[in-house]
Amino acid sequence: MASQYCPQDFEAKWQKHWEELGIYRARDNDAREKFYSLVMFPYPSGDLHMGHMRVYTISDVISRHRRMLGYNVLNPMGWDAFGLPAENAAIKNKLHAEKWTKQNIKYMRDEQLKKLGTSYDWSREVTTCDKDYYHWTQWLFLKFFEKGLAVRKEAPVNWCSQCQTVLANEQVEDGACWRHPETKVDQVQMKQWFLKITDYAEQLLADLDKLKGWPERVKVMQQNWIGKSRGAELTFTVESKPNVQITVFTTRPDTVFGVSYLVLAPEHPLVTELTTDENRARVQKYIEQTSRKTERERLTGEKIKTGEPLGTYVINPFNGDVVPIWVADYVLLNYGTGAVMGVPAHDERDFEFAKLFNLPIIEVISADGKPSEGLKAAFTESGVMINSGQFTLTPIEEGKQKVIAFAEENKLGVGKTLFRLRDWLISRQRYWGCPIPLIHCPTCGTQVVAEKDLPVELPIEGIEMTGEGGSPLARLESFYSVKCPKCGGSARRETDTMDTFIDSSWYYLRYADAGNEKEPFARVRANYWLPVDQYVGGVEHAILHLLYSRFFTKALRDMGLVQCDEPFTNLLSQGMVTKFSPASGRIEKMSKSRGNVVGTSDFFKKYGADAARLFTLFASPPEQELEWSEEGAVGQFRFLSRIWRLVEELAEQEAVDPDTIEDTDFSRSPLAQPEQQLLQLVHKSIKSVSQDLSQERFIFNTAIARCMELVNGLYKYHADRSESASGKNGGSTAAPYTDDQKRLITFAIRNLLLLLAPMAPHTTEELWQRCQFGGIAATSIHITAWPSYCEELTIDNQIELVFQVNGKVVSKAIAERGLPDGQAEKLALDDGKIRSKIEGRPLRKIIVVPDKLVNVVI
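Residues numbered from 1 in each chain as written. Predicted model: local features only at pLDDT ≥ 70, side-chain atom pairs only at ≥ 80, totals over all residues. Heavy atoms only, no water.

Student: Looking at this structure, how should I read the pairing of strand S24 (residues 490–493)?
Tutor: The side chains of a regular strand alternate between both faces of the sheet. Of the two faces of S24, only the one carrying Ala 491 and Arg 493 is buried; Ser 490 and Arg 492 on the other face are not. Pairing geometry for strand S21 (residues 438–441) and S24, over 2 bridges, is antiparallel. The residue bridging Ile 439 from the neighbouring strand is Arg 493, located in S24. The pairing of strand S23 (residues 481–483) with S24 spans 3 bridges and is classified as antiparallel. Counterpart to Lys 483 in the pairing with S24 is Ser 490. Joining the antiparallel neighbours S23 and S24 is a turn of 6 residues, in which Gly 488 adopts a positive phi near 80 degrees. (Buried < 20%, exposed > 50% of the residue type's maximum accessible area, 1.4 Å probe, protein only. Helix = DSSP H or I, 4+ residues; strand = E, 2+ residues; numbered from the N terminus. Pairing = 2+ DSSP bridges.)

Written out as structure tokens, the structure is:
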């Protein structure tokens, strides 16, 4: 009698066995073709739910399949371990950030990821808060500094006057401090460190064309974020101060004759100078109000535009119009020139602003060259210039170039290309991050920490985590008080730490040489493994993380540290896992905050990891959202139980014979129809699953469906054969399987397990060993070669032949593929429905399309 399927009895055994065998260890510079499979490493929050498990399962299936295909697979894992959540948790739980992080890592690695059955090479594990990692983060920062790519300049930060500290954007709630809701957050200028990603803007944009293996929507998101804009910088003269000029950037120089006002950013240096005494109080109040808004709020937070007039005017150099100057928070100082020209007739934002403040709306673009009777909305479509002097009736694209040429000829402006992309602010005024290895000397200026003195260690002792009074590092004299490495005088160590995006921008390189104590990675190893062949991760990282990693790779290439231009050749962005949230009563993204999390531990204990893996793969294609269903996951447990029962029953009847696995030639003697059908089903299944798991498709749900079809086929064959044999024996017990039948069943079962192995690793390994397919040495299924198929056996021998009379379908019949000449015509003419149609009428001709149709023309 078949035993009950109980994955808890063997999952831990195989997880330990795989680790002891070291079968997932990648080999550097192996003769086999390499395949670098990478999943975005997690933040050690302490718990992974089924939403996280989906991405790790998808990546693991890809890695396991490639390993079985004979590739030298690098499939590493690590921890994005610095960051604000650990610091907040330390404050809340009165537990040091390091201790909180390390205990979370241990639990997530040993109790969750390993129990999921992931095939990671744990010998290459990296943890970004370990000094053997951030040592080299600091080293790389110094390389950027040496190349002029790391610079210090002023930038706005969120400042809480009560906490006396800088707040992250996540700590600002409705414009107030998260800890003190009664305290409004101010925007203040502070000197901070930046990486000059803008130096690579053109390359980052152009090289998107190289990324053929990336989803188009991700490339579009990156393209929009980089935001290349071609236009012009035009100069307007202040009416009351002829020596003062304001330069604006515009992508629509063709609309310059429609300017009815100019807008300055509140931070623009000319605002104070150009504000009249009558308007000064209102303008100053407006600037103060703006200082309490984040950049995100200024750009998207308000539907109603706000602003104040300065009381002064500028002269439009193209037509002499005198227009007012305003200040408004939707203009940012760090994009363009911090000044924009308002053209309400042809810009939706400007139209809204003009309507609100009763400013003129001057139409200068028309679809047909004729003025409208009154614009009810901004006209932003293509057309020709009108009311534009010498440029009237010029098509707008041609007009843009002519206006720029006129401006340059008359010294009124220049053509200009701008990028929306801004330099990457990496300074964080917080404790739990990688220290910036610089020293500030009042005499010598900024000095680098010598390489021999790296890493600058993050102090663990003496740190007081309160969240108030600024970074603890700035209060710890033993950390910040140092000697200048140049003059030996008193100096101060940099107390800002780095943005955690720095850590995740090069971790894929450290995996290539994780144990290297002399450099971040040996070039030969990085050049062997890079670029990553398949990257898997959430679409929420489609912009910043991927963009920063691309920037790092290009900068390191120019420093001679790597050869590749792009870090990730292929990208799979999986959809999120959703579930009904009791808090909102809606289907929402699975997360702790929404109270709809399905934990992994309880599910694994009840149904096993393989059932969870199969459900996350089967419920929807990887790029689409997946709604978690307990019933659906249990359904996969039942599917695995069916396989278990089938293999056990066949083994009990001695139908599975491991001694026959080398003999897969079934052509020596003709097979009966049931055996032939089963043989073909096996080969069709191998072909279909191989295609579904290929890098061109990754359709895991259909791969599982093909395996289900094979299981059904095996059950049917087993049942039909048993019923037939029982009938022949007068109802007695079925006769034993013949040697050829055993050979075929063994072949089918072996290939079923191989096809399922990447997706259900524990169950397939257990059955593989029970069937003794691993031989005396008990070779793991996961280092067994992927099965191959015979193309001829994937083609059905029988086809549906359509019979027509004068082109109209009359009947159909099942026939053998490749009928000899004349046989198809005979089948058609012998068909009763055809005979009734042509009875007594002469035949003109018979048209045969082989293996498809017969058309009788009468």
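Student: What is the right way to look at the side chain of Asn 751 in this model?
Tutor: Mapped onto the fold, Asn 751 is located in helix H23 (residues 739–756). If we ignore the near neighbours within four places in the chain, the residues touching Asn 751 are Val 682, Ile 686 and Pro 787. (Contact = heavy atoms within 4.5 Å.)

Student: Quick question: what am I supposed to make of the packing of helix H19 (residues 609–618) against helix H20 (residues 630–652) here?
Tutor: A packed helix pair is summarised by two numbers, namely the angle formed by the two axes and the spacing between the axes. Contact geometry of H19 with H20 gives a least axis separation of 8 Å together with a crossing angle of 120 degrees. When you trace H19 past H20, the crossing you get is right-handed. For the pair H19 and H20, the contacting residues are Asp 610, Ala 611, Leu 614, Phe 615 and Phe 618 in the first and Gly 632, Ala 633, Gln 636, Phe 637, Phe 639 and Leu 640 in the second. Counted by class, the contact of H19 with H20 contains 8 nonpolar, 2 polar and 1 charged residues. (Axes fitted to C-alpha atoms, helices over the stretch in contact; angles between N-to-C directions. Left-handed = near helix turned anticlockwise from the far one by under 90°. Nonpolar A, V, L, I, M, F, W, Y, C, P; charged D, E, K, R; others polar.)

Student: Can you walk me through unusual backbone geometry in this structure?
Tutor: Peptide bonds are trans in most cases, and residues, glycine excluded, mostly fall at negative phi. A cis geometry characterises the amide bond from Leu 454 onward to Pro 455, with omega recorded as 0 degrees. Position of Pro 455 relative to the elements: it lies in the loop between strand S22 (445–448) and helix H13 (477–480). Cis geometry is found at the peptide bond from Leu 530 to Pro 531, where omega equals 0 degrees. The topology assignment puts Pro 531 in the loop between helix H16 (523–529) and strand S26 (534–538). Of note in this structure, Asn 387 is not a glycine but carries a positive phi near 50 degrees. Its place among the elements puts Asn 387 in the loop between strand S17 (384–385) and helix H12 (396–409). Phi is positive for Gln 772, which is not a glycine, with a value near 60 degrees. Structurally, Gln 772 can be placed in the loop between helix H24 (761–770) and strand S31 (798–805).

Student: Got a minute to help me understand the packing of aromatic side chains in this structure?
Tutor: Working definition: an aromatic ring pair is given by the centre-to-centre distance plus the angle between the planes. Scanning all chains against the criterion turns up 45 aromatic pairs. When the centroid spacing of 3.6 Å and the interplanar angle of 0 degrees are considered together, the rings of Trp 424 and Tyr 548 count as stacked. Of this pair, Trp 424 sits in strand S19 (residues 424–425) while Tyr 548 sits in helix H17 (residues 544–558), and the two are 124 residues apart along the sequence. Taken together, Tyr 5, Phe 10, Phe 603, Tyr 607, Phe 615, Trp 628, Phe 637 and Trp 644 form an aromatic cluster joined through their ring pairs. It is Lys 153 that lies over the ring of Phe 194; its NZ or CZ is 4.9 Å from the centre. (Phe/Tyr/Trp six-rings, centres within 6.5 Å; stacked < 30°, edge-to-face > 60°. Lys NZ or Arg CZ within 6 Å of the ring centre and 35° of its normal.)

Student: When you look at the sheet that holds strand S29 (residues 586–589) in this model, what are you seeing that I'm missing?
Tutor: Pairing between sheet strands relies on hydrogen bonds along the backbone, with the strands arranged either parallel or antiparallel. In spatial order, the strands read S29-S28-S30; together these 3 strands make up an open sheet with mixed pairing. A strand with exactly one partner marks an edge of an open sheet, and here the two such strands are S29 and strand S30 (626–627). Relative to S29, strand S28 (residues 577–581) runs antiparallel, the two sharing 4 bridges. Residue pairing across strands places Lys 579 opposite Glu 588, the latter belonging to S29.

Student: Help me understand a nonpolar patch on the surface, please; the structure alone is not making it clear to me.
Tutor: A cluster of nonpolar residues, Tyr 313, Ile 315 and Val 322, forms a patch on the protein surface that exposes about 230 Å² of accessible area. Take Ile 315: it is sitting in strand S13 (residues 308–315). Ile 315 gets classed as partly exposed once you look at its relative accessible area, which sits at 32%. (Patch = residues over 30% accessible without salt bridge, like charges linked within 9 Å, V, L, I, M, F, W, Y side chains within 5 Å. Areas by Shrake-Rupley, 256 points an atom, 1.4 Å probe, with all protein chains shown as cover. Salt bridge = Lys/Arg side-chain N within 4 Å of Asp/Glu carboxyl O.)

Student: Looking at this structure, how should I read the layout of surface pockets?
Tutor: Left-over empty space is what a probe sized like a water molecule reveals as it rolls over the atoms. The computed volume of the second largest pocket comes to approximately 850 Å³. Lining the second largest pocket are 29 residues, and of these Phe 249, Thr 251, Tyr 335, Val 340 and Arg 349 sit closest to its centre. Each residue belonging to the lining of the second largest pocket can be placed in one class, and the counts come to 10 nonpolar, 10 polar and 9 charged. (1 Å grid on protein atoms, 1.4 Å probe; cavity = no way out; pocket = protein on both sides within 12 Å on 5 of 7 lines; lining within 4 Å. Points joined across faces, edges and corners; volume = space filled by probe spheres on them.)

Student: Please clarify how the pattern of salt bridges should be interpreted in this entry.
Tutor: If the charged atoms of two oppositely charged side chains come close together, the side chains can form a pair. The full count for this structure, using the stated rule, is 55 salt bridges. Residue Glu 111 pairs with Lys 115 through a salt bridge whose shortest N-O separation is 2.8 Å. Its relative accessible area of 32% is what places Lys 115 among the partly exposed residues. Arg 525 is the salt-bridge partner of Asp 513, the closest N and O atoms lying 2.9 Å from each other. In this pair, Asp 513 is assigned in the loop between helix H15 (507–510) and H16 and Arg 525 in helix H16, connecting sequence segments 12 residues apart. Taken together, the shared-partner salt bridges connect Asp 207, Lys 210, Arg 550, Lys 554, Arg 557, Asp 558, Asp 565 and Glu 566 into one network.

Student: Quick question: what am I supposed to make of the environment of Ile 105 here?
Tutor: Relative to the assigned elements, Ile 105 resides in helix H4 (residues 97–113). Separated by 26 residues in sequence, Ile 105 and Trp 79 have C-alpha atoms that sit 7.5 Å apart. With sequence-adjacent residues up to four places away left out, Ile 105 is seen in contact with Pro 44, Trp 79, Ala 81, Glu 125 and Thr 127.

Student: So what exactly am I meant to see when it comes to empty space enclosed by the protein here?
Tutor: This model, assessed by the stated rule, comprises 2 cavities of 30 Å³ or more. Quantified by volume, the largest cavity comes out at close to 160 Å³. When residues of the lining of the largest cavity are assigned to their parent elements, the largest contribution, 4 residues, is made by helix H3 (residues 84–93). Across the lining of the largest cavity, the residue classes break down as 6 nonpolar, 8 polar and 6 charged. Counted as a void, the second largest cavity has a volume near 40 Å³. Every residue lining the second largest cavity is listed: Thr 137, Leu 140, Phe 141, Phe 144, Leu 195, Met 498, Ile 502 and Phe 552. The leading source of residues in the lining of the second largest cavity is helix H5 (residues 131–146), at 4 residues. Of the residues assigned to the lining of the second largest cavity, the class counts are 7 nonpolar, 1 polar and no charged.

Student: Please explain the pairing of strand S11 (residues 241–250) as it appears in this structure.
Tutor: In the sheet, strand S10 (residues 228–238) pairs with S11 via 7 bridges, with the strands oriented antiparallel. Bridge pairing in S11 links Thr 237 to Gln 245. Following S10, the chain reverses through 2 residues before pairing antiparallel with S11.

Student: Quick question: what am I supposed to make of helix H11 (residues 348–357) here?
Tutor: Since the α-helix packs 3.6 residues into each turn, any two residues three or four apart lie on the same face. What H11 keeps buried is the set Asp 350, Phe 351, Phe 353 and Ala 354. Along the axis of H11, the buried residues cluster in a sector spanning 165 degrees; they form a single face. Exposed side chains of H11 directed beyond 90 degrees from the buried face belong to Glu 348 and Lys 355. Check the buried side of H11 and you find it contacts strand S12 (261–264), strand S14 (322–327) and strand S15 (339–342). Its side-chain oxygen 3.0 Å from the backbone nitrogen of Arg 349, Asp 347 forms the N-cap of H11. (Arc of directions from axis to C-beta. Polar contact = N/O pair within 3.5 Å; in protein donor to acceptor, adjacent residues only side chain to side chain.)

Student: Can you walk me through the sheet that holds strand S2 (residues 72–74) in this structure?
Tutor: With respect to topology, 4 strands assemble into an open sheet ordered S2-S1-S26-S27, the strand pairing being parallel. The sheet is open, and its two edges are formed by S2 and strand S27 (571–574), each paired on a single side. Sheet twist, expressed as the mean angle between neighbouring strand axes with direction ignored, is 15 degrees. Here 3 bridges tie strand S1 (residues 34–39) to S2, and the two strands are oriented parallel to one another. Each residue of the ladder has a partner; that of Tyr 36, found in S2, is Leu 74.

Student: Would you mind going over the environment of Lys 416 with me for this structure?
Tutor: As for its position among the elements, Lys 416 is in strand S18 (residues 413–419). Once the C-alpha coordinates of Lys 416 and Asp 565 are considered, the two residues, 149 residues apart in sequence, prove to be 27 Å apart.

Student: For this particular structure, what's the right way to read the state of the cysteines?
Tutor: Such a bond, covalent and formed between the sulfur atoms of two cysteines, is termed a disulfide. For the coordinates displayed, the defined rule picks out 0 disulfides. Of the cysteine sulfurs around Cys 487, a residue in no disulfide, the closest is that of Cys 444, at 3.6 Å. Cys 707 supplies the cysteine sulfur nearest to Cys 771, a cysteine that is in no disulfide, at a spacing of 16 Å. (Disulfide = S-S within 2.5 Å.)

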